[in-house]
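Notes for the structure review
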Amino acid sequence: MIETRILTADDWRTWRELRLAALTEAPDAFGARLADWQGDGDREERWRARLAIPGSHNITAVLDGRPAGMVSGVPGPRGDTAELISLWVGPEARGRGVGDHLIQEVERWALRCGVGVLRLAVAPGNTHAGALYRRHGFAATDEPGDEMASGEREIIMVKYLTAEDRTARDVTAGDLSGGCAPPADSAGCAPRADPVPGG
Ligand SMILES: CC(C)(COP(=O)(O)OP(=O)(O)OC[C@H]1O[C@@H](n2cnc3c(N)ncnc32)[C@H](O)[C@@H]1OP(=O)(O)O)[C@@H](O)C(=O)NCCC(=O)NCCS
């Protein structure tokens, strides 16, 4: 059984453990590098700040009682967009629906926030992630993504969320009781001014 845990800044140790595992196991899948979060970069306040991105929705999937994967939804630069970032499923949990579960959780959050467009960036060679995203209705755009270490550019994929999606998921836009509600120190689903640190 897959359960969802929503993380706050106080859960930074859980996020840290998963994120360091993700950056170690799949270094080519993320804009951030492991080295960025090690040594001097590996500080409690930095992990807390990552989880406290205003309006973000940071979750782990717990499979058979153990954290098995992670993802974040973060408000985009415009009020009606949001970004899905930091998706990772541990190798031992792959092929068991954890990626599906995490993407659906971000979608539900986006729908509650009244978001119309969900965006993400994926490396061109990341076939497993690309297939997973396409299965969930994301489509590649022509928009050039960030340049990666390989010199290639990330592919930007988008999914347009519709009124039907809201109905199908039984979600009311702006329903702050269901998890769009911001932590006390954040700005809810407000547009994000700063770039997301490290995907
Ligand atoms: C992309 C990712 C989240 C998919 O996780 P998932 O929940 O297993 O996804 P799926 O259910 O779609 O996997 C479908 C199949 O591909 C296999 N698979 C998925 N990712 C794989 C990988 N990286 N390497 C080899 N096989 C993989 C699964 O085991 C499953 O096989 P099965 O059909 O024989 O059971 C996961 O591979 C991952 O975390 N990769 C590294 C990080 C990453 O790429 N993140 C996305 C950044 S944009």
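That block above? That's the structure.
Figured I'd write up the structure that's included with this text. Remember, it's a predicted structure, so these values are computed and weren't measured experimentally.

**Notes on the overall build of the protein**
Broken down by element type, the protein carries five helices and seven strands. Reading the helices (α) and strands (β) of the protein from amino to carboxyl end gives β-α-α-β-β-β-α-β-α-β-β-α. When burial is assessed residue by residue, the protein has 34% of its 199 residues classed as buried. Within the protein, contacts between residues separated by at least 24 positions form 66% of all contacts whose residues are at least 6 apart in sequence.

**What about the environment of Leu51?**
You can see Leu51 is positioned in helix H2 (residues 44–51). Between the C-alpha atom of Leu51 and that of Asp10, which follows or precedes it by 41 residues, the distance is 8.6 Å.

**A word on the site of the ligand**
Looking at the ligand, there are 14 residues lining it, with Ala29, Arg94, Gly95, Gly99 and His128 nearest. Those elements that place two or more of their residues in the shell around the ligand are strand E4 (81–89), helix H3 (98–112) and helix H4 (127–135). Split into classes, the residues belonging to the shell around the ligand amount to nine nonpolar, four polar and one charged.

**Concerning the nonpolar core**
Ranked by internal contacts, the top residues of the largest apolar core, which has 42 residues, are Leu84, Leu102 and Ala110. Elements with a minimum of two residues in this core: helix H1 (12–25), strand E2 (57–63), strand E3 (66–75), E4, H3, strand E5 (117–122), H4 and strand E7 (153–160). Element by element, the count of residues in this core is highest for H3, at seven residues. When residues no more than four places from it in sequence are discounted, the contact partners of Ala110 are Gly73, Ala82, Val115, Leu118 and Leu161.

Reading the values: rules and limits
Residues numbered from 1 in each chain as written. Predicted model: local features only at pLDDT ≥ 70, side-chain atom pairs only at ≥ 80, totals over all residues. Helix = DSSP H or I, 4+ residues; strand = E, 2+ residues; numbered from the N terminus. Buried ≥ 20, exposed ≤ 12 C-beta atoms within 10 Å, placed from the backbone. Contact = placed C-beta atoms within 7 Å. Near = placed C-beta within 6 Å. Nonpolar A, V, L, I, M, F, W, Y, C, P; charged D, E, K, R; others polar. Core = buried A, V, L, I, M, F, W, Y, C linked by C-beta atoms within 7 Å.

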